[in-house]
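The chain contents come next:
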Amino acid sequence: MKKSLHTISYAAVLGTACALLLTGAGRFTAPYREANAKAEEVRNILKVLDVPFELGASSQDLLDVFKRCVRQERRGDLTLYIYEDPDAARGVQAIAVPFAGQGLWGPIRGFLALKPDMKTIQGVTFHQQEETPGLGGEIGSDWFRDQFKGKTIEDVNGRAGIRILRGGSASGPNEVHAITGATMTSERVEKMLNAAIMQIAGEDIHHGQ
Amino acid sequence: MNETHVLIIVVAVIFTNNILLSNFLGMCSFLACSRQIDTAVGLGSAVTFVMTFTTALNYLIYRHLLLPGGLEHLTFIVFIAVIAGFTQFVEMFVERFTPKLYYALGIFLPLIAVNCAILGAALFMVIRNYTFVQSVGFGFGGGAGWALAIILMAGLRRKMGYSNVPRPFQGVAITMVVTGVMALAFMGFAGMVSIQ
Amino acid sequence: MASSGPQTCGPCQGKGLATFKAGVWRENPISIQILGICSTLAVTGRLENAFVMGGALIFVTTMSNLFISLLRSFTPRGIRMIAEMAVIATFVILFDQFLKAFYWEMSKQLGPYVGLIITNCILMGRAEAFALQNPPLVSMVDGLANGLGYAAVLAIIGFIREMLGTGNVLGHAVLPAEWYVPNQLMILAPGAFIALGFLIALSNAVRSHEPGQGRP
């Protein structure tokens, strides 16, 4: 009986001590952790919209910048992130549209940023991908993403959609080079970008500003 | 929410994202038990069984108890407790109904509880936001993939018994290198599963 | 665990240095005891990740060995393993929480492998083999030594894999891109297995030349 009592009281004391320690630490770190999680989402949007922020900005700074400069709007099924710098009074600078799809190894998520005319591409970011580093993973690299800058989401005849080409010159206004050796990833990225572009075209959004 | 179809998850975690050959989980018991094919089959089946059920159980507990109650910081401890408890239950079951398997597995049965693949599967399920069905599929596929790897290794180690392995490599070192080559072979499965 | 020479003074009863040397080299947790392999393979693709994981293990092993040793006379046999698990898990979770709060990018890089430290056989292994039978201070040294031994192996493999796999070390270019084409294999799974295999083989080869080591 004494042994069982000893076991139970030991377990109770140890359990309580651990729980208290962990709850305390959890409470202490909670605000930092939550800010970090939020800032992560926000950082990608700010990056693709070319909103200026300091390289070493803390999570709180990022959230502040986001609140100041970006507003969220829903048009039908689309969620748009509109960058409008209140200080500069230059009107809408850029609009970001999220896209998502299935890559080769896992889900790919990113943002496509368009200029206010909703046709010209300002940039693209991939904030979640599990593609092969050095091959499909190059979609996150600067060289791949820079290709999109200045391209349009429709071809010379006004048909919506971008093309990621293997080989060839990629000279059209809506064409970019695929990643050598990463055909499948390139194809899937093309598909998911076009899905988002079709949504944009379907909503027939015109921003008059 | 994760939109991947559950069958895709199962096939992926067995071949393209094998829980051992891609995510390195479950190495300790893999190294210890891959000498005999019989032991490998037995342990592989046990791990598959435990992984399927514990991942499902852990999903239910996480979604319906930990998250609503704001108790995420207890996730690791709760998951481990569930796995340890379930393994204990399996151990008693195996001892009662299939004593031959019980004696063959010996100490490795309780070691399933600390098999990082099982806890790892539960943690991946949380990170990837799987639904219940996806979690069950992921648990089953994870175990099956692990079992596949350990059975293959047991077969290979039998063959290696006839090879002239250099002294420093004998034992774990050559097993590691062979596992590396196996992992390389499994990379050839990439692209096998296509969606949409 | 051989003690070096006669009982000397000090709280470690002269076993301190021997314990430390054993944990780091003679009984290195990865290359000799073959424990903690999962995380070694998973996080050594980048040297920075390897450092943080090594640091995590040093922290957890030292603290858990210390507390398990402090509690060893009170711990009932029956729930021994569960109690050890609880202590280990507590320190792992503490580390994880602080990592998420103050080093978020690394937390994302390491993913589930921080939580998986709980199942890292090194911790349970040292708790059972050492902390339960030895006084707190020596146990702490043992934990620290094993943690350092683990961290050292991780750093070596991380260095090799990142350098050969990307040409960089800690993100800075070391092998110039003009003539070095990064060997992608090294940062992927097969490279991890093969690198570890060769490291263990090298360690075995060196040990077999040490005097008095008759290990095959």
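Everything that follows concerns the structure shown earlier in this document.
Only a predicted model underlies this, so the values are computations on that prediction, with no experimental measurement involved.

## Let's talk about the pattern of salt bridges
A full pass over the atoms with the stated rule returns nine salt bridges over all chains. A salt bridge links Asp155 of chain A to Arg159 of chain A, with the nearest nitrogen and oxygen atoms 3.6 Å apart. In this structure, the salt-bridge partner of Glu48 of chain C is Arg46 of chain C, at a minimum N-O distance of 3.1 Å. Residue Glu48 of chain C is classed as partly exposed on the basis of its relative accessible area, which comes to 26%.

## What about the sheet that holds strand β5 (residues 121–128) of chain A?
Residues and elements named next belong to chain A. The strand order β1-β2-β3-β4-β5 describes an open sheet built from five strands, whose pairing is antiparallel. In this open sheet, the two strands that pair with only one neighbour each are β1 (70–75) and β5. If you compare each strand with its neighbour and ignore which way they point, the axes differ by 25° on average. Where strand β4 (residues 107–114) lies against β5, six bridges are found, and the strand directions are antiparallel. Bridged to Ala113 within β5 is Gly123.

## Some thoughts on empty space enclosed by the protein
This model, assessed by the stated rule, comprises two cavities of 30 Å³ or more. Empty space within the largest cavity amounts to approximately 90 Å³. As for the largest cavity, its lining consists of 14 residues, and the residues nearest its centre are Cys116 of chain B together with Cys38, Ser39, Leu116 and Asn120 of chain C. Take the lining of the largest cavity: its biggest share by element is three residues, from helix α2 (residues 37–43) of chain C. Considering only residue class, the lining of the largest cavity consists of ten nonpolar, four polar and no charged. Roughly 60 Å³ of volume is contained in the second largest cavity.

## Focus: the nonpolar core
Grouped together as the largest cluster of nonpolar side chains are 116 residues, with contacts concentrated most on Met27, Phe30 and Trp146 of chain B together with Ile37 of chain C. Here this core gets eleven residues from one element, more than from any other, and that element is helix α4 (residues 80–102) of chain C. If we ignore the near neighbours within four places in the chain, the residues touching Phe30 of chain B are Leu20, Trp146, Ala149, Ile150, Met153, Thr179 and Met182 of chain B. Counting residues in hydrophobic clusters, the runner-up holds 30 residues, among them Ile82, Val97, Ala178 and Met192 of chain A.

## Regarding the side chain of Thr61 of chain C
Along the chain, Thr61 of chain C turns up in helix α3 (residues 47–70). At a separation of 2.4 Å, a polar atom in the side chain of Thr61 of chain C contacts the main-chain carbonyl oxygen of Leu57 of chain C.

## Concerning the packing of aromatic side chains
Note on aromatic pairs: each is described by the distance of the centres and the angle between the planes. Applying the stated criterion across every chain, the model contains 26 aromatic pairs over all chains. Between Phe126 of chain A and Phe144 of chain A the ring centres are 6.4 Å apart and the planes differ by 40°, which places this aromatic pair in the tilted class. A residue pair is termed long-range when its members are at least 10 positions apart, and Phe126 of chain A in strand β5 and Phe144 of chain A in helix α3 (residues 142–146) qualify at 18 residues. For the pair Phe126 of chain A and Phe144 of chain A, a shared accessibility class is recorded, and that class is buried. On the basis of an interplanar angle of 50° and a centroid distance of 4.9 Å, the ring pair of Phe93 of chain B and Phe97 of chain B is categorised as tilted.

## Considerations on the interface of chain B and chain C
With 34 residues of chain B in contact, the opposing surface of chain C contributes 34 residues. Taking both partners together, chain B and chain C bury about 2,900 Å²; carbon and sulfur atoms supply 86% of that area. Among the residues of chain B in contact with chain C, Phe24, Phe76 and Met176 of chain B are the three that bury the most area, contributing 22% of the side total. Joining chain B to chain C, the criterion identifies zero salt bridges. At nine residues, helix α9 (residues 172–187) of chain B tops the list of elements feeding residues into the side of chain B that touches chain C. Here the residues of the side of chain B that touches chain C sort into 25 nonpolar, eight polar and one charged.

Criteria and thresholds
Per chain, residue numbering runs from 1 following the sequence as it is written. Written order determines the labels here, with chains lettered from A and ligands numbered from 1. Only residues with pLDDT of at least 70 are given local features in this predicted model, and only at 80 or more are side-chain atom pairs given and counted; all residues enter the totals for whole chains, interfaces and linings. Hydrogens and waters are ignored; side-chain quantities use all the structure's heavy atoms. Salt bridges are counted wherever a side-chain nitrogen of Lys or Arg sits within 4 Å of a carboxyl oxygen of Asp or Glu. Accessibility here uses a 1.4 Å probe with only protein chains present; expressed as a share of the type maximum, an area under 20% marks a residue as buried, one over 50% as exposed, and anything in between as partly exposed. Strands are labelled as partners when DSSP assigns at least two bridges between them. Only DSSP runs of H or I reaching four residues or more are called helices, and only runs of E reaching two or more are called strands; each is numbered from the N terminus. Fitted lines through C-alpha atoms give the axes, limited to the stretch in contact for helices. The angle between two N-to-C directions lies from 0 to 180 degrees. Definitions used for this entry: grid spacing 1 Å over protein atoms alone; cavity, a set of points where a 1.4 Å probe fits but cannot get out; pocket, an open set with protein on both sides within 12 Å along at least 5 of 7 lines; lining residue, one with an atom within 4 Å of a point. Grid points are joined across faces, edges and corners, and a volume is the space filled by probe spheres set on the points. Polar here means any residue outside two lists: the nonpolar Ala, Val, Leu, Ile, Met, Phe, Trp, Tyr, Cys and Pro, and the charged Asp, Glu, Lys and Arg; Gly therefore counts as polar. In these notes, a set of buried Ala, Val, Leu, Ile, Met, Phe, Trp, Tyr and Cys residues joined through side-chain atoms within 4.5 Å is what counts as a nonpolar core. Contacts: residue pairs with any heavy atoms within 4.5 Å of one another. Definition of a polar contact: a pair of N or O atoms within 3.5 Å, with one able to donate and the other able to accept a hydrogen when the atoms are protein atoms, and with sequence-neighbouring residues admitted only if both atoms are side-chain atoms. Stacked, tilted and edge-to-face are the three classes applied to pairs of Phe, Tyr and Trp rings, where Trp contributes its six-membered ring and a pair requires centres within 6.5 Å; stacked means planes under 30 degrees apart, edge-to-face means over 60, and tilted covers the rest. A quick way to say it: buried area is the sum, across both parts, of accessible area lost when two parts are put together, with a 1.4 Å probe.

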